[in-house]
Amino acid sequence: MTAIEFFRRIDEVERSVHAAARKVELFKSMAEKITMSLEGEVVSHSPNVHSNEDAIIRLSEAKDDLRNLTDAYTSMVDMITEKMTRLDDPEEESLLTYHYLHHISLSTVAIQLHRGRTWVYRRHDIALEKLNKILADLKIDDLPA
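A.B. asks: What should I look at first to understand the side chain of His124 in this one?
C.D. replies: Looking at where His124 falls in the secondary structure, it is placed in helix α5 (residues 117–134). Among the polar contacts made by the side chain of His124, one reaches the side chain of Tyr100 at a distance of 2.7 Å. Setting aside its immediate chain neighbours within four residues, His124 contacts Leu95, Leu96, His99, Tyr100 and Leu106.

Written as structure tokens, this is what we have:
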């Protein structure tokens, strides 16, 4: 697996985490509209008990999905962070972390690292090649689900 493939996979899981968080919020608001509020005020708009149960079940399932996706994301970030610590240069590690995990453009990374854009672009390519060698034995099946 290449470094770019790994970072793309992390990005996909991160987007899934955000989607799952929105889903939890949606189901939470649905459940609150048909159940009692925390302060004890009745806000039920439906006499249908089954819709209440369905909303709570969907909320619970959405929370489980969010928890699983968050665990997978955290594991992947931990894994790539550990691999990046094997790079010779801490600046290369910072460069890749800023760009791929914090989603900062390389131009902005240059400012953050007090380096020129040319240096950052050149080092980016070098750092990716080094990380590719470190990740050479890693397969997609080795990633958290």
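A.B. asks: Explain the pattern of salt bridges here, please?
C.D. replies: On inspection of all chains with the given rule, the structure shows 9 salt bridges. In this structure, Asp89 and Arg123 form a salt bridge, with 2.2 Å as the shortest nitrogen-oxygen distance. Placement of Asp89 in the loop between α2 (49–84) and α3 (90–101) and of Arg123 in helix α5 is noted, with a sequence separation of 34 residues between them. What you see here is one network of salt bridges that share partners, running through Asp88, Asp89, Glu92, Arg123 and Lys130.

A.B. asks: Before we go on, may I ask you to explain the environment of Ala72 in this structure?
C.D. replies: Along the chain, Ala72 falls in helix α2. Here Ala72 falls in the buried class, since its relative accessible area comes to 5%. In this structure, the C-alpha to C-alpha distance between Ala72 and Ile10, residues 62 residues apart in sequence, is 9.1 Å.

A.B. asks: Would you mind going over the packing of aromatic side chains with me for this structure?
C.D. replies: Describing an aromatic ring pair means giving the distance of the ring centres and the angle of the ring planes. For the coordinates displayed, the defined rule picks out 1 aromatic pair. Taking 4.3 Å as the distance between ring centres and 10 degrees as the angle between the ring planes, the aromatic pair formed by Phe7 and Tyr100 counts as stacked. Pair noted here: Phe7 is in helix α1 (residues 3–33) and Tyr100 is in helix α3, with a separation of 93 residues, a long-range link. A single burial state applies to Phe7 and to Tyr100, both of which are buried. We note Arg115 situated over the ring of Trp119; from NZ or CZ to the ring centre the distance is 4.3 Å.

A.B. asks: Can you help me understand unusual backbone geometry in this one?
C.D. replies: The phi torsion of most residues other than glycine is negative, and most of the peptide bonds are trans. Backbone geometry at His103 places phi at a positive 60 degrees, although glycine is not the residue there. Assignment of secondary structure puts His103 in the loop between α3 and α4 (106–112). Residue classification places His103 among the partly exposed residues on the basis of a relative accessible area of 42%. Of note, His114 is a non-glycine position whose phi angle comes to about 55 degrees, a positive value. Topologically, His114 is positioned in the loop between α4 and α5. Of the residues examined, His114 reaches a relative accessible area of 73% and is grouped as exposed.

Conventions we followed
Per chain, residue numbering runs from 1 following the sequence as it is written. Selection of residues for local features in this predicted model requires a pLDDT of at least 70, selection of side-chain atom pairs for listing and counting requires 80 or more, and totals for whole chains, interfaces and linings are taken over all residues. As a convention, hydrogens and water are excluded, and side-chain values are obtained from all of the structure's heavy atoms. Labels follow the DSSP assignment, with helices taken as runs of H or I lasting at least four residues and strands as runs of E lasting at least two, numbered in each case from the N terminus. The definition of a polar contact used here is a pair of N or O atoms within 3.5 Å, where within protein one atom must be able to donate a hydrogen and the other to accept one, and adjacent residues in sequence count solely through side-chain atom pairs. Contact criterion: two residues are considered in contact whenever any of their non-hydrogen atoms come within 4.5 Å of each other. Salt bridge criterion: a side-chain nitrogen from Lys or Arg within 4 Å of a carboxyl oxygen from Asp or Glu. When accessible area is computed with a 1.4 Å probe and restricted to protein chains, residues below 20% of their type maximum are described as buried, those above 50% as exposed, and intermediate ones as partly exposed. Aromatic rings from Phe, Tyr and Trp, with only the six-membered ring used for Trp, were paired whenever their centres fell within 6.5 Å, and each pair was classed as stacked if the ring planes differed by under 30 degrees, edge-to-face if by over 60, and tilted otherwise. In this scheme, the term charge over a ring applies when either NZ of a lysine or CZ of an arginine sits within 6 Å of the ring centre and within 35 degrees of the ring normal.

These values are about where atoms sit, not about what they do.
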